[in-house]
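Examination of the molecular architecture
Below, each chain spelled out in residue letters.
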Amino acid sequence: MTDPYDAGAPAPQTHAQPHKQAAETEAPILELRGLEKRYGFVQALKRSDLSFRRGEIHAIVGENGAGKSTLIKLLTGVIRRTGGDILWQGEPVGLDTPQEAIDHGINAVHQEVVLCRHLTVAANIFLGDEKVRFGLMQQRAMTREAQRILDDMGFQLPAGEILGNLTIGQQQLVATARASLRGTKFLIFDEPTAYLTRSEAAQLFALIRRLKAEGVTIVYISHRMEEVFELADRVSVLRDGLLVGTRNIGETDETELVAMMINRSLEQIYHKEKIAIGEVLIETKGLSGKGFENVSLSVRRGEIVGLYGLIGAGRSEFALSLFGRNPATSGEIFWKGKPLSITNERQAIEMGIALAPESRRDQGLALNLPIGFNINLPVYDRLSRGPLIDGREEGRLADRQISDLAIKTPSRRVLVSAMSGGNQQKVVIGKWLNHGADLFIFDEPTVGVDVGTKAEIYRLFGDLLKNGAGIILISSYLPEVYEMADTLHVFRTGHLVASRKFHEASHEDILAQAIGV
Amino acid sequence: MSTEAPQKKPMSMRNFNFLFALTLLALLILLWVILAIATPNFGTPNNIANLLRQGSMIAILAIGQTFVIITAGIDLSVGAIVGFSTVTVAWLLQQGVPVWGAILITLLIGLAIGLFHGFGIVKMGMPPFIMTLATLTSLRGVGLLITNGATINITDTGFTEFSRNSFLGIPNLFWMVILVAVPAYIFLHHTRWGRYLFAVGSNPESARLSGVNVPRMIYIAYSLSAVCAAFVGVLLAARIGIGNATQAEGWELQSIASTVIGGTSLFGAVGSVHGPLIGAFILATINNGANLLNVNSFWQRIITGLLIIVIVFFDQLRRRRQ
Amino acid sequence: MSTEAPQKKPMSMRNFNFLFALTLLALLILLWVILAIATPNFGTPNNIANLLRQGSMIAILAIGQTFVIITAGIDLSVGAIVGFSTVTVAWLLQQGVPVWGAILITLLIGLAIGLFHGFGIVKMGMPPFIMTLATLTSLRGVGLLITNGATINITDTGFTEFSRNSFLGIPNLFWMVILVAVPAYIFLHHTRWGRYLFAVGSNPESARLSGVNVPRMIYIAYSLSAVCAAFVGVLLAARIGIGNATQAEGWELQSIASTVIGGTSLFGAVGSVHGPLIGAFILATINNGANLLNVNSFWQRIITGLLIIVIVFFDQLRRRRQ
Amino acid sequence: TAQDQPTIPIIVKDTTSFYWQIVLAGARKAGQDLGVNVPELGAQSEADINGQITILENAVAGNPAAIVISPTERAALGAPITEAAQSTIIIGIDSAADSDAFTSFLTTDNVEGGRVAADGLAAAIEAKHGAIEGDVALITALPGVGSLDQRAEGFKERLAEAYPGLNLVADRVADGQATTGLNITTDLITANPNLRGIFASNLIMAQGAGQAVAENGVQDQIALVGFDSDERLVQFLSEGVIAALVVQDPYRMGYDGIATALAAANGEEVEANVDTGANLITTENMNEPRSQELLNPAVD
Ligand SMILES: Nc1ncnc2c1ncn2[C@@H]1O[C@H](COP(=O)(O)OP(=O)(O)OP(=O)(O)O)[C@@H](O)[C@H]1O
Ligand SMILES: Nc1ncnc2c1ncn2[C@@H]1O[C@H](COP(=O)(O)OP(=O)(O)OP(=O)(O)O)[C@@H](O)[C@H]1O
Ligand SMILES: [Mg+2]
Ligand SMILES: [Mg+2]
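Residues numbered from 1 in each chain as written. Chains lettered and ligands numbered in written order. Predicted model: local features only at pLDDT ≥ 70, side-chain atom pairs only at ≥ 80, totals over all residues. Heavy atoms only, no water.

- Identification of chain B as ABC transporter permease from Arsenicitalea aurantiaca is taken from an unreviewed UniProt entry.

- An unreviewed UniProt entry lists chain A under the name Sugar ABC transporter ATP-binding protein, with Arsenicitalea aurantiaca given as the organism.
- As recorded by UniProt, the Sequence similarities (unreviewed entry) comment attached to chain A reads in full: "Belongs to the ABC transporter superfamily." (UniProt positions renumbered as here; feature names shortened; annotations may be inferred.)

1. A few points about the pattern of salt bridges
- Taken as a whole and judged by the stated rule, the model has 43 salt bridges over all chains.
- One salt bridge connects A:Lys336 with A:Asp438, and the closest N-O pair in it is separated by 2.7 Å. With A:Lys336 in the loop between β16 (330–335) and β17 (338–340) and A:Asp438 in the loop between α16 (421–433) and β21 (439–443), this pair connects stretches of sequence that are 102 residues apart.
- Overlapping salt bridges bring together D:Arg115, D:Asp119, D:Glu157, D:Arg158 and D:Glu161 as one network. (Salt bridge = Lys/Arg side-chain N within 4 Å of Asp/Glu carboxyl O. Helix = DSSP H or I, 4+ residues; strand = E, 2+ residues; numbered from the N terminus.)

2. Structural notes on empty space enclosed by the protein
Residues and elements named next belong to chain A.
- With the rule as written, the count across this model stands at 10 cavities of 30 Å³ or more.
- In this structure, the second largest cavity occupies an estimated 210 Å³ of space.
- A per-element tally of the lining of the second largest cavity places strand β6 (residues 106–109) first, with 4 residues.
- Two domains share the lining of the second largest cavity, each providing at least three of its residues, namely domain 1 (18–105 + 184–263) and domain 2 (115–182). (1 Å grid on protein atoms, 1.4 Å probe; cavity = no way out; pocket = protein on both sides within 12 Å on 5 of 7 lines; lining within 4 Å. Points joined across faces, edges and corners; volume = space filled by probe spheres on them. Domains from an automatic or database assignment.)

3. Things to note about the interface of chain A and chain B
- With 42 residues of chain A in contact, the opposing surface of chain B contributes 32 residues.
- Between chain A and chain B lies a buried interface of about 3100 Å² when both sides are counted; carbon and sulfur atoms form 55% of it.
- When residues of chain A are sorted by the area they lose upon contact with chain B, A:His118, A:Met137 and A:Gln139 head the list and together hold 18% of the total.
- On inspection of chain A and its partner chain B, the count reaches 1 salt bridge.
- The closest approach of N and O atoms between B:Arg192 and A:Glu130, which form a salt bridge, is 3.8 Å.
- Counting every contact that joins chain A to chain B gives 9 residue pairs in polar contact (both at pLDDT 80 or more). (Contact = heavy atoms within 4.5 Å. Buried area = accessible area lost by both parts, 1.4 Å probe. Polar contact = N/O pair within 3.5 Å; in protein donor to acceptor, adjacent residues only side chain to side chain.)

4. Some points on the packing of helix α7 (residues 172–190) of chain B against helix α12 (residues 274–292) of chain B
Residue and element names in this part refer to chain B.
- For the pair α7 and α12, interaxial distance at closest approach is 10 Å and the crossing angle is 150 degrees. The angle between α7 and α12 places the two elements in the roughly antiparallel class. Where α7 abuts α12, its residues Phe174, Val177, Ala181, Tyr185 and His189 lie against His274, Leu277 and Phe281.
- For the contact of α7 with α12, the per-class residue count stands at 6 nonpolar, 2 polar and no charged. (Axes fitted to C-alpha atoms, helices over the stretch in contact; angles between N-to-C directions. Parallel < 35°, antiparallel > 145°, perpendicular 65-115°, else oblique. Nonpolar A, V, L, I, M, F, W, Y, C, P; charged D, E, K, R; others polar.)

5. As for the nonpolar core
- Ranked by size, the top nonpolar core spans 242 residues in total, and within it B:Phe129 and C:Phe129 carry the most contacts.
- Once you skip the residues sitting within four places of it in the chain, B:Phe129 turns out to touch B:Ile74, B:Leu76, C:Ile74, C:Phe129, C:Leu253, C:Ile256 and C:Leu266.
- The next biggest cluster of nonpolar side chains, apart from the first, holds 127 residues, and it includes A:Ile304, A:Leu465, A:Phe491 and A:Ala505. (Core = buried A, V, L, I, M, F, W, Y, C linked by side-chain atoms within 4.5 Å. Buried < 20%, exposed > 50% of the residue type's maximum accessible area, 1.4 Å probe, protein only.)

6. Overview of the side chain of A:Arg178
- Considering the arrangement of structural elements, one finds A:Arg178 in helix α6 (residues 168–181).
- It is A:Glu130 that comes nearest to the buried, bridge-free A:Arg178 among opposite-charge side chains, at 7.7 Å.
- Reaching out from A:Arg178, the side chain makes a polar contact with the side chain of B:Ser210 at a distance of 2.9 Å. (Lys, Arg positive; Asp, Glu negative; His and termini not counted.)

7. Considering the site of ligand 2
- Taken together, the neighbourhood of ligand 2 is formed by 13 residues, with A:Gly312, A:Arg315, A:Ser316, A:Glu317 and A:Glu358 sitting nearest.
- At the site occupied by ligand 2, the surrounding residues belong to chains A and B.
- Measuring from an oxygen atom of ligand 2, one finds a backbone N or O atom of A:Ser316 at 2.5 Å.
- Between ligand 2 and A:Glu317, the relevant distance is 2.7 Å, taken from an oxygen atom to a main-chain nitrogen or oxygen of the residue.
- Taking 620 Å² as the accessible area of ligand 2 by itself, protein coverage stands at 73%.
- The class makeup of the residues in the shell around ligand 2 is 3 nonpolar, 6 polar and 4 charged. (Near = heavy atom within 4 Å. Areas by Shrake-Rupley, 256 points an atom, 1.4 Å probe, with all protein chains shown as cover.)

8. Observations concerning the pairing of strand β14 (residues 292–300) of chain A
All names here are of chain A.
- Where strand β13 (residues 280–289) and β14 come together, 6 bridges link them in antiparallel fashion. Among the inter-strand pairings, Leu287 is bridged to a residue of β14, identified as Val295.
- Hairpin connection of β13 to β14: 2 residues between the antiparallel strands, including Gly291 at a positive phi of 95 degrees. (Pairing = 2+ DSSP bridges.)

9. Remarks on helix α2 (residues 45–70) of chain B
Residues and elements named next belong to chain B.
- With 26 residues, α2 extends 36 Å from end C-alpha to end C-alpha; this agrees with the ideal 38 Å at 1.5 Å per step.
- Of all the bends in α2, the greatest, near 35 degrees, is centred on Ser56.
- Among the 26 residues that make up α2, 23 are buried, leaving the element largely enclosed by the rest of the structure.
- In the stretch just after α2, Ala72 is the one whose phi turns positive, near 70 degrees. (Expected span 1.5 Å × (residues − 1). Bend = angle between axes of the 7 residues up to and from the residue.)

10. Side note on the sheet that holds β6(A)
Residue and element names in this part refer to chain A.
- Taken in spatial order, the 6 strands of this open sheet run β6-β9-β10-β3-β11-β12, and their pairing is mixed. Looking along the sheet, the strands with just one partner apiece sit at the ends: β6 and β12 (242–248). Averaged over all neighbouring strand pairs, the angle between strand axes comes to 20 degrees, with direction disregarded.
- Here helix α9 (residues 254–262) sits on the sheet in contact with β3 (57–62), β11 (234–239) and β12, set at roughly 25 degrees to β11.

11. A closer look at the arrangement of the chains
- For the 5 pairs of chains in contact, the largest share of contacts goes to chains B and C.
- No part of chain A reaches chain D; the closest C-alpha pair between them is 38 Å apart.

12. Points about the site of ligand 1
- Of all residues adjacent to ligand 1, which total 20 residues, the nearest are A:Gly65, A:Lys68, A:Ser69, A:Thr70 and A:Gly422.
- Ligand 1 is flanked by residues contributed from chains A and C.
- Contact between ligand 1 and A:Ala418: an oxygen atom at 3.2 Å from a main-chain N or O atom of the residue.
- Relative to its free-state accessible area of 630 Å², ligand 1 is covered by the protein chains to the extent of 93%.
- For the shell around ligand 1, the secondary-structure elements that each account for two or more residues are α2 (68–75) and α16 of chain A.
- The element best represented in the shell around ligand 1 is α2(A), accounting for 3 residues.
- Residue composition of the shell around ligand 1, grouped by class: 6 nonpolar, 10 polar and 4 charged.

Now the structure itself:
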């Protein structure tokens, strides 16, 4: 099986090439002419022309809020365009409703998983397309069929399971199976690998290649450049809602794409300064709790401790436990040398721990409240004079984070739900920066964040460390932890299985530890 | 390949629902056994027939309500529709409309009310709670206006006797429950529309993206609830022999309570047809038993409230354990 | 349930709330102007005083209800608490407890009921709708049991006269609204607990991970609502001079309607103190105007229902446009 | 012992109302005096017809010696009572039903009660203003309640036939809440400066209306007549806020209902119709012994 992260993976271009040449002679399957989308005063997509060829994999890259998801939503009838035309196989089409898009064979796997958590995997896969005989659904047949399809795609998923019981990554795979099933001619993936494990990602890539071989056009949106270079035939770059260019993959490189995306060149994404490492902030000894067992590690001032592992390895549970969400059941915690137990979030916050959780939608944000509100939520006790909140200080703090993190918004009073995924992620991080904690726990902080902002966030880590803080960085994205962490711990099924100093081990070594081979 | 199967394999939803219905049923039967021992009259055929009659109307309302609650909505207007329907059907009968015509027209009016709710929720963006609260208020007014606050006597004895008679030893009213519950069960659990109701309740956006016509499902859910309520209005008119707009006050809350006792979640996407049915008969049994045991009617209220808490608490507990 | 994504740039929430309150206020004033022209008596100081008195109690209930609804909950028990509190305060007064003591004890009982709701919701995992529905049922039973269905006559004239008198030309009852609304406003809009209520209503998990003690906020919200209701019970007892457990039936729905008319969202995290206040007085004005115009009381119900739809519809429209 | 005693349930219209509690108290006393088990049953609102039918069915299932019932709605309870009478003896109290199956019937005629109220109101207006003329209003607690409709009917009939000077300007129906009665009365006073009389046709409305009259200090201009009595209304009556109360004899109805039922169950001959009467009690005659008996029934 091809592994996208593996340096030694066979070059995918070899078998992608013939299709590309065949496609070039054909008329485009889908063409956008002056497509435009406004949200009130925000021009999310500015008059863009773009064409997609039959059977190509077309990557779209761009900064957070560049308009990628907006483009996808327009093509799938989720939202309506405010201007421009869409040509499907040369004919103008409306694409005003999801049904219309589905009827044309346009399907998408959206950035946020949109499935019904209360229904079974099979029911989700067949939703809107049930097998019916004499007016009655054939539930058994559907479950069997769904299982066959999942097995066929190489996804090991139980078709009879309630979707809500699966991990986000598994749900994403169900969404993929669903989308690729429906006689699709045009399939869009919006950051599909953000929540996938490596092996899940590998399964996904295999599926994408197979679909391409069957003549399906694939649009692939990602912030991960190596995926783009591995999979795509062509790549288009969006910036501020504007299409800045399309390149054949063989005729461009990462530097050029990044420069097109952010309108400047970026020498280095992983920005790591030499910072003096100080006293031990927190130390756990044999800590066990829900989802993890016998974890011993320590974090010192000025140090980034990376936790790597596959999804479900127990890192988030460990972090939540340190933060008092699910208090540990056994083992010891020493905070600045003193033993104590952390029993609730408030206590953790008052001690000086900050946690940016992994799921922005479920854990990180109050979506229907303003940005400023979200940023200040952890510090309202400090914004209060007596019982009352200092309104001016509240505004000042929020505005500072918005400008420091370059959050793209007209005002701190805008609701978080109206921001792009990556900008929402910045709010999740921003809400802890006013807090002045000693220990920062970042759980998947760069999910859905563009390269430019990633670099900003890493630089920000440096600032925090210089101020004497320590950081726990949880990431399922190996290059990130590998490059950033001073100490790297590998988790597997709830256990800490290996610890390495900076660049002490190779990617392969760490991977092997995480997978357990 | 590391697609970890979920740790402890949670029971499949179908099995779970089934088991839960069984425990509820067990509770109902337990209540019956206790009452049969505690009072000499509970077990008499006469009383069993009474009990079946007494639970019937709330049971039918609860089934209708379930469709709405599964879409994460709520229908507060059912009591008012029942009262209003007793007026329409009585008025029509007194105008000389034949029984089948009067019933049909009443059901159609129910349908119209349900569609109006759907319209308000889908097109006007009203929250279901407020939309149906407003109809509740207005409908009682309309019914009172029609009768000028009085009651309409139904002189058609065939119509009124129907509700008192039995067929094969089972009261006609309970047959009506079966008449509603069986198609409702098939609709909810074995047709795609039933599935879509769950999908809409679970995640309307996802349902929409799957090509489910979400507005249509909302229209269907509220129409079903309103038609069930209109049907109950017809049955009530037959039972009390009059049309009176103020009848069935508070039945909306009883139907919601039955539905929730029957394992339906007010957050949507969880529910069945058999659950609310059992829930309605549990409530009816509590009242019937309290009457037979000569429990003070004030105590009866207190006990009902506490029992609701206890039953729903155990439901929640079981759910969380799963 | 139009799932169409919001199309336009959202206006800042604060400005929006402010503007919305202004339009609502404009509607209220418009109603007043129309009524002052249409009837000779509407504008008299006496009637204005009456109007203020008539709206006061629902207004206070609506403020309490708002705290709960902002956390995405609902409190169906407020009417029952009001009725129950008239009984407690009357009973205590007739036992010779001094007025301040009787009021204090009644408020404390209200607090206990609110804490019980919080307990059921937080610790037992009950849905708020069911929890408060159960208390509604039980509380009326308890009140009736205490009085054995009778009314308790309050002979303390100082107590009963309070509700009739005015201070600075404004009825005491309206002063009580101010007494509740001003601290409520400061609490909700200018303290961190107010912010936490919104955070809990929007996303309890995120609130929790931001250090908000979510259970405590739930306890606070339901306690505030119940204490407001108990306070209204005291005022009602003073106003009608009796304690009677069946009073204030249906006031829960009126308070919810006022709250929603005042721009509070039943999905939580959207609401204010001034909105429900204006909402309550809009409803009171409709009733007062209808009485003065001698509108048939059946029409009054119909109009109230329709107006609720219209007002909430325009609120939704504005919200979606923003 | 209680086991061997005959059981005679009594079914009232609304156990949450004081009036029906007095009926129940009378029945209870009769049960003690005569050695009868008296289950006290009833719906919780006079509008809950279905509830009362249900309770009747349950009572019949208990094989009682007889049943004493006060039907909430004339037509609605007719057939169920006829059916119940096939298995037990039925004694009616307070209100009638469309059934000829009653073994005996003890009523106050509510229509007559409405007429008595009209007479009382006219007399009170004459006492205050010297002439029987001016605007009057009627406040009914709930729509669709048989006995209240009958009171309104009798009141309006009597006004039309005997008091042409009295002009009924408002006929309002509330929602059963004292506060609503209070608000309606207040607004009536505001809207009708010439209002001289109000008939509040049940206990709760009289409480609300009395409060409004007291609050507005208009007891010298407006004569208020209520229906039924409790401590509160007696206080209003003695203060002159309420001019007169139409009082039935619920205690006797309860007591005699059980006594008659027992007699009928024992095969004795009982009178088919007994009128327990509607009495007008005014501020003047309220201290007479019979009035005191009616106003302060021995409820325990
Ligand atoms: N519902 C909405 N209301 C108003 N503005 C919106 C809404 N949704 C998106 N936008 C705005 O449209 C712009 C484009 O957003 P979009 O989600 O397409 O970005 P994206 O390229 O997918 O970014 P990311 O990589 O962060 O997912 C952003 O500026 C965003 O703030
Ligand atoms: N929804 C779920 N249902 C059942 N078990 C779960 C669920 N989510 C996580 N788990 C289990 O909890 C344990 C710890 O998961 P956790 O989320 O902490 O892992 P992680 O290493 O942080 O990975 P991730 O990247 O998914 O956050 C694992 O054993 C996992 O299988
Ligand atoms: Mg996006
Ligand atoms: Mg994690």
